[in-house]
Amino acid sequence: HAALAACAADASLGGRRALQLLRAAPASAADDHCYSAAIRACATSGETGEAVGLLREMAERGMPPSAHAYCAAICAHRKDGRVDEAIALFSELAAGGAAGRGEAGRGEAGRGEAG
């Protein structure tokens, strides 16, 4: 986690280094915190496509992206001047994240809300 966070904090380390670290980590260690840090690193270094790709990869691996992961990807779009794409990701998050894109829904109970 710490190495990925360092990549996120220092644009000179770049998203590519964060991706290398994420790919080198055991699958069991690649959790939401690792992905979020890698997404932030990509956003910091202007690698918007990589940032959004990691967000999608999380969902594909059965790991619903957290609000932190979405926020990092939204910031990547904002930094890149892609306001419409940032708004679309925010809308997706507000609609329930990856579940809002038509994947197996979490529904109200899946978001921890009392019914």
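Basis of the calculations
Residues numbered from 1 in each chain as written. Predicted model: local features only at pLDDT ≥ 70, side-chain atom pairs only at ≥ 80, totals over all residues. Heavy atoms only, no water. Helix = DSSP H or I, 4+ residues; strand = E, 2+ residues; numbered from the N terminus. Buried < 20%, exposed > 50% of the residue type's maximum accessible area, 1.4 Å probe, protein only. Contact = heavy atoms within 4.5 Å. Areas by Shrake-Rupley, 256 points an atom, 1.4 Å probe, with all protein chains shown as cover. Core = buried A, V, L, I, M, F, W, Y, C linked by side-chain atoms within 4.5 Å.

Participant: Quick question: what am I supposed to make of the overall build of the protein chain here?
Facilitator: On a plain count of helices and strands, the protein chain comes out with 7 helices and 0 strands. In sequence order, the secondary structure elements of the protein chain are arranged as α-α-α-α-α-α-α. Within the protein chain, the fraction of its 115 residues that count as buried is 39%. Counted over contacts in the protein chain with a minimum sequence separation of 6, partners at least 24 positions apart contribute 55%. When the accessible surface of the protein chain is totalled, it reaches about 6100 Å², and 55% of it is carbon and sulfur.

Participant: Would you explain the side chain of H77 in this entry?
Facilitator: Its place among the elements puts H77 in helix α5 (residues 67–79). Residue classification places H77 among the buried positions, given a relative accessible area of 7%.

Participant: Would you take a moment to explain the nonpolar core for this structure?
Facilitator: When a protein is soluble and globular, its nonpolar side chains tend to lie buried together. In terms of nonpolar packing, the biggest core is built from 25 residues, with L22, Y35, I39, L54, L55 and L89 touching the most fellow members. Looking at this core, the elements with two or more residues in it are α2 (14–24), α3 (32–44), α4 (48–60), α5 and α6 (83–94).

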